[in-house]
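Per-entry structural report
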Amino acid sequence: QVQLVESGGGLVQAGGSLRLSCAASGRTFGMGWFRQAPGKERELVAAISGSGGSTYYADSVKGRFTISRDNAKNTVYLQMNSLKPEDTAVYYCAADRRPNALLVITTVYGYDYWGQGTQVTVSS
């Protein structure tokens, strides 16, 4: 069982930046950042393979968000720049338990472990 703890959320003005962190209690492989706004379904924002060599981004965040990882620290990051009010949501990190260093998982059903979420609010 892997536990995930997100941090770094908060309130920021439009155009600002935040960096989210997700600390895992053990070694992880495929990781993803999701978000869920009130009344909406949870959506994938970005994903990264276990090696860090492959990434995926939703069209809505391409060019603004960057996912990265530090396997020595068992931590995944989401750097969010040029934030917009529509980025407001609870952000969750997720991890896949399968030991595959190359896989980038792009569906919610592909993840086994979830963090508790961190609120990101972007004011206009």
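The structure presented is a predicted model; accordingly, all values stated were derived computationally and were not measured. (Residues numbered from 1 in each chain as written. Predicted model: local features only at pLDDT ≥ 70, side-chain atom pairs only at ≥ 80, totals over all residues. Heavy atoms only, no water.)

1. Digging into the nonpolar core
- In this structure, Leu4, Trp33, Phe65, Ile67, Leu78, Met80 and Tyr91 are the most contacted members of the largest nonpolar core, which totals 29 residues.
- Those elements that provide at least two residues to this core are β3 (18-24), β4 (31-36), β5 (43-48), β7 (65-70), β8 (75-80), β9 (89-95) and β11 (118-123). (Core = buried A, V, L, I, M, F, W, Y, C linked by side-chain atoms within 4.5 Å. Buried < 20%, exposed > 50% of the residue type's maximum accessible area, 1.4 Å probe, protein only. Helix = DSSP H or I, 4+ residues; strand = E, 2+ residues; numbered from the N terminus.)

2. Some points on the packing of aromatic side chains
- For the structure on display, the rule yields three aromatic pairs.
- Here Phe34 and Tyr111 contribute two aromatic rings whose centre-to-centre distance is 5.4 Å and whose plane-to-plane angle is 85 degrees, an arrangement assigned as edge-to-face. Highlighted residues: Phe34 in strand β4 and Tyr111 in the loop between β9 and β10 (113-114), separated in sequence by 77 residues.
- For Tyr111, a relative accessible area of 6% corresponds to the buried category. (Phe/Tyr/Trp six-rings, centres within 6.5 Å; stacked < 30°, edge-to-face > 60°.)

3. Concerning empty space enclosed by the protein
- Overall, the coordinates contain one cavity of 30 Å³ or more when judged by the stated rule.
- Lining the largest cavity, in full, are Arg27, Thr28, Arg69, Asn71, Asn74, Thr75 and Val76.
- For the lining of the largest cavity, the per-class residue count stands at one nonpolar, four polar and two charged. (1 Å grid on protein atoms, 1.4 Å probe; cavity = no way out; pocket = protein on both sides within 12 Å on 5 of 7 lines; lining within 4 Å. Points joined across faces, edges and corners; volume = space filled by probe spheres on them. Nonpolar A, V, L, I, M, F, W, Y, C, P; charged D, E, K, R; others polar.)

4. Focus on the sheet that holds strand β1 (residues 4-7)
- Pairing is antiparallel in the open sheet, where four strands are placed in the order β1-β3-β8-β7. Each end of this open sheet is capped by a strand with a single partner; those strands are β1 and β7. For this sheet, the mean inter-axis angle between neighbouring strands, taken without regard to orientation, is 15 degrees.
- Taken together, the four bridges between β1 and β3 define a ladder with antiparallel strand orientation. In the strand pairing of β3, Ser7 is matched with Ser21. (Pairing = 2+ DSSP bridges. Axes fitted to C-alpha atoms, helices over the stretch in contact; angles between N-to-C directions.)

5. Some points on the state of the cysteines
- Overall, the coordinates contain one disulfide when judged by the stated rule.
- At a sulfur-sulfur separation of 2.0 Å, the disulfide partner of Cys22 is Cys93. Taking the sign of the torsion about the S-S bond as the criterion, the disulfide between Cys22 and Cys93, at about 55 degrees, is right-handed. Of the two residues, Cys22 is situated in strand β3 and Cys93 in strand β9; the sequence distance between them amounts to 71 residues.
- We classify Cys93 as buried; its relative accessible area is 1%. (Disulfide = S-S within 2.5 Å.)

6. Remarks on the pattern of salt bridges
- Going through the model one piece at a time under the given rule, you end up with six salt bridges.
- Two residues, Arg35 and Glu43, come together in a salt bridge whose shortest N-O distance is 2.7 Å.
- According to the relative accessible area criterion, Arg35 is buried, its value standing at 6%.
- Looking at Glu43, the relative accessible area reads 35%, which means it is partly exposed.
- With its nearest N and O atoms 3.8 Å apart, the salt bridge here joins Arg97 to Asp112. Note that Arg97 is positioned in the loop between β9 and β10 and Asp112 in the loop between β9 and β10, a separation of 15 residues in sequence. (Salt bridge = Lys/Arg side-chain N within 4 Å of Asp/Glu carboxyl O.)

7. Overview of the pairing of β4
- For β4, a buried count of five out of six residues is recorded, marking the element as mostly surrounded by other parts of the structure.
- Between the antiparallel neighbours β4 and β5 lie six residues, among them Gly39 with a positive phi of about 80 degrees.
- With six bridges joining them, β4 and β9 adopt antiparallel strand pairing. Bridging from a neighbouring strand, Arg35 pairs with Tyr91 of β9.

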